[in-house]
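What the coordinates show
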Amino acid sequence: MVKLAEKSTISPIEQLHVDAVKLWSVGKTEAACDKWEEVLLNCPTDMLAFRCAFLGHFVRGESTRLREYMAQVLPHWKSSTSPQIYSYARGRYSFGLVETNFYDEAEKEAQETLEVNPRDAWAVHTISHVKEMQCRPDDGIAFVEKKVDDITGSPVQPHIYWHKALYYFEKGDYESTLSLYDDKLCHLMKQENLLYITDAAALLCRLELNGVNVGDRWHGIYDACTPNLDTHANAFNDIHFLMAANGAEHRDVADKFIDSIKTLVSDYDPCNAHLNVYKDVGLPLLQSLQAYDQENYSAAVDYLYPLRYNVVELGGSNAQRDVFNLFLMHAAMRSPQQRHTLIARNLLNGRKAQRTSSTMVDSLLERL
């Protein structure tokens, strides 16, 4: 694209797109998002800039900025696009609302979007998140069963099944969680889709943390990871790759994997946000997972606890990153240090305040 642009006469808006892609490719992700937002400032209904800014902020963990830029351009979509296209933008905006804890507003926005387009996958996705974050698993299961067939063909549909699995997990129904994994998720590993891989790894990790034997299911996830083990394109993904390597008992691979990331971050560049996330959050979290796998629970806590508010920099959604919250709780519960036991209780108390009906939290508190 950059080379083609150099040989062509392009508009200022097109040049902003080219500049954004070039910046993103060298790790200057914030500057790239600035360029896409500059496009939207001048052309608020530019679909490419709208989508790229969405993905850019999502990958960077910038939920507030993601919500705000969409709120700023939505009136232009309403006045100058069809109702169906406007509903597309509203479905994405509803996700920005749920990721910034405006749960009621998010659900309302998504429901109104579905009234215009019952097949809007992002509106279905938003409501799935609302029910997860508000700990409404029975409502969530019923909603998914009602709506999931409406979004057949969307790449989001398998992710909605993952949300359904989380509802069963929250209820402590691990048999149904594993059954859903086997029926709807495990065969997707052959596609080598990174969203499906990370969903599957996070789900099995949650189950194992709660003492569930997942059998040989890790092997299929690990096989799907292997083509990407050397790319280090995204710290969030790499953390899930390590889960799979350890889960499938390829610990020699796991050790080499972490060593390769140490080498990666040794070329520190303060302007490269991609490397900074690996250095500041990704590597310590990987080391925490590795320590846990080696039953060094105290070290696992010591690596992750100071970073618990920085994990958002990895990107992903609140629901996706929640596996790291659960991991820290379990590591603290298993650690022999009294201070870590106090940390575990505090973390669980905080979770209970947000999820007052969570039977899973109640059962973990009883074990302390």
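On a predicted model such as this, the values are computed, not experimentally measured, just so you know.

**What about the overall build of the protein?**
- A tally of regular secondary structure across the protein gives 20 helices and 0 strands.
- Taking all 368 residues of the protein together, the buried fraction comes to 55%.
- Sequence separation of 24 or more characterises 61% of the internal contacts of the protein that already satisfy a separation of 6 or more.
- Approximately 16,400 Å² of the protein is accessible, and the part contributed by carbon and sulfur atoms is 50%.
- Here the protein contributes 37 positive and 50 negative side-chain charges, whose respective centroids are spaced 2 Å apart.

**Some points on the nonpolar core**
- Of all hydrophobic cores here, the largest spans 122 residues; its most connected members are Trp-218, Ile-221, Met-243, Leu-314 and Phe-324.
- Filtering out sequence-adjacent residues up to four positions away, Trp-218 remains in contact with Ala-201, Leu-204, Cys-205, Glu-208, Met-243, Ala-244, Gly-247 and Ala-248.

**Some remarks on unusual backbone geometry**
- Phi is positive for Asn-101, close to 70°, though the residue is something other than glycine.
- Locating Asn-101 in the fold gives a position in the loop between α6 (83-99) and α7 (103-116).
- Here Cys-135, not a glycine, exhibits a phi torsion of approximately 55°, which is positive.
- In this structure, Cys-135 sits in the loop between α8 (121-133) and α9 (137-147).
- By relative accessible area, which is 6% here, Cys-135 ends up buried.

**Quick notes on the state of the cysteines**
- Counted by the stated rule, this structure contains 0 disulfides.
- Its sulfur unpaired, Cys-33 is 9.1 Å from the next cysteine sulfur, which belongs to Cys-52.
- Left unpaired, Cys-43 is separated from the closest cysteine sulfur, that of Cys-52, by 14 Å.

**Thoughts on the packing of helix α2 (residues 12-25) against helix α3 (residues 29-42)**
- Contact geometry for α2 and α3: axes closest at 7 Å, N-to-C directions at 165°. Classed by the angle they form, the pair α2 and α3 counts as roughly antiparallel. In this structure, α2 crosses over α3, and the sense of that crossing is left-handed. In contact with Ile-13, Leu-16, His-17, Asp-19, Ala-20, Val-21, Leu-23 and Trp-24 of α2, α3 contributes Thr-29, Ala-31, Ala-32, Cys-33, Lys-35, Trp-36, Glu-38, Val-39 and Asn-42.
- When the residues that make up the contact of α2 with α3 are grouped by side-chain class, the tally is 11 nonpolar, 3 polar and 3 charged.

**Re the packing of aromatic side chains**
- As enumerated under the stated definition, the model contains 12 aromatic pairs in all.
- Taking the centre distance of 6.1 Å and the plane angle of 45° together, the rings of Trp-24 and Trp-36 count as tilted. Within this pair, whereas Trp-24 is found in helix α2, its partner Trp-36 is found in helix α3, the two being separated by 12 residues in sequence.
- Take Trp-24: its relative accessible area is 27%, and that puts it in the partly exposed class.
- Between Tyr-292 and Tyr-297, the aromatic rings sit 4.9 Å apart at their centres with planes inclined by 70°, giving edge-to-face as the arrangement. In terms of burial, Tyr-292 and Tyr-297 fall into one category: buried.
- Just above the ring of Phe-54 sits the side chain of Arg-92; from NZ or CZ to the centre is 4.7 Å.
- It is Arg-308 that lies over the ring of Tyr-305; its NZ or CZ is 3.8 Å from the centre.

Parameters at a glance
- Sequence positions are assigned chain by chain, starting from 1 and proceeding in written order.
- For this predicted model, a pLDDT threshold of at least 70 governs which residues receive local features, and a threshold of 80 or more governs which side-chain atom pairs are given and counted, while totals over whole chains, interfaces and linings are taken from all residues.
- As a convention, hydrogens and water are excluded, and side-chain values are obtained from all of the structure's heavy atoms.
- Working definition: helices are DSSP H or I runs of at least four residues, strands are E runs of at least two. Numbering for both runs from the N terminus.
- Each residue's exposure class comes from its accessible area (1.4 Å probe, protein chains only) as a fraction of the maximum for that residue type: buried when under 20%, exposed when over 50%, partly exposed otherwise.
- Should any heavy atoms of two residues lie within 4.5 Å, those residues are considered in contact.
- We get accessible surface area from the Shrake-Rupley algorithm with a probe of 1.4 Å; when it comes to residues, only the shown protein chains can shield them.
- Counting rule applied: Lys, Arg positive; Asp, Glu negative; His and chain ends not counted.
- To locate a charge, the coordinates of NZ of Lys, CZ of Arg, CG of Asp or CD of Glu are taken.
- By nonpolar core we mean a set of buried residues, namely Ala, Val, Leu, Ile, Met, Phe, Trp, Tyr and Cys, connected to one another through side-chain atoms within 4.5 Å.
- Criterion for a disulfide: a pair of cysteine sulfur atoms within 2.5 Å.
- Only the stretch in contact is used when fitting a helix axis, every axis being a line fitted to C-alpha atoms; angles between N-to-C directions are given from 0 to 180 degrees.
- In this scheme, roughly parallel covers angles under 35 degrees and roughly antiparallel covers those over 145, while 65 to 115 is roughly perpendicular and the rest are oblique.
- Less than a right angle of anticlockwise turn of the near helix away from the far helix marks a crossing as left-handed, whereas a clockwise turn marks it as right-handed.
- Charged means Asp, Glu, Lys or Arg here, nonpolar means Ala, Val, Leu, Ile, Met, Phe, Trp, Tyr, Cys or Pro, and polar covers whatever is left, Gly included.
- Each pair of aromatic rings taken from Phe, Tyr and Trp, with Trp reduced to its six-membered ring, is defined by centres within 6.5 Å and is described as stacked if the planes are under 30 degrees apart, edge-to-face if over 60, and tilted in the remaining cases.
- Any Lys NZ or Arg CZ that is within 6 Å of a ring centre and within 35 degrees of that ring's normal is treated as a charge sitting over the ring.

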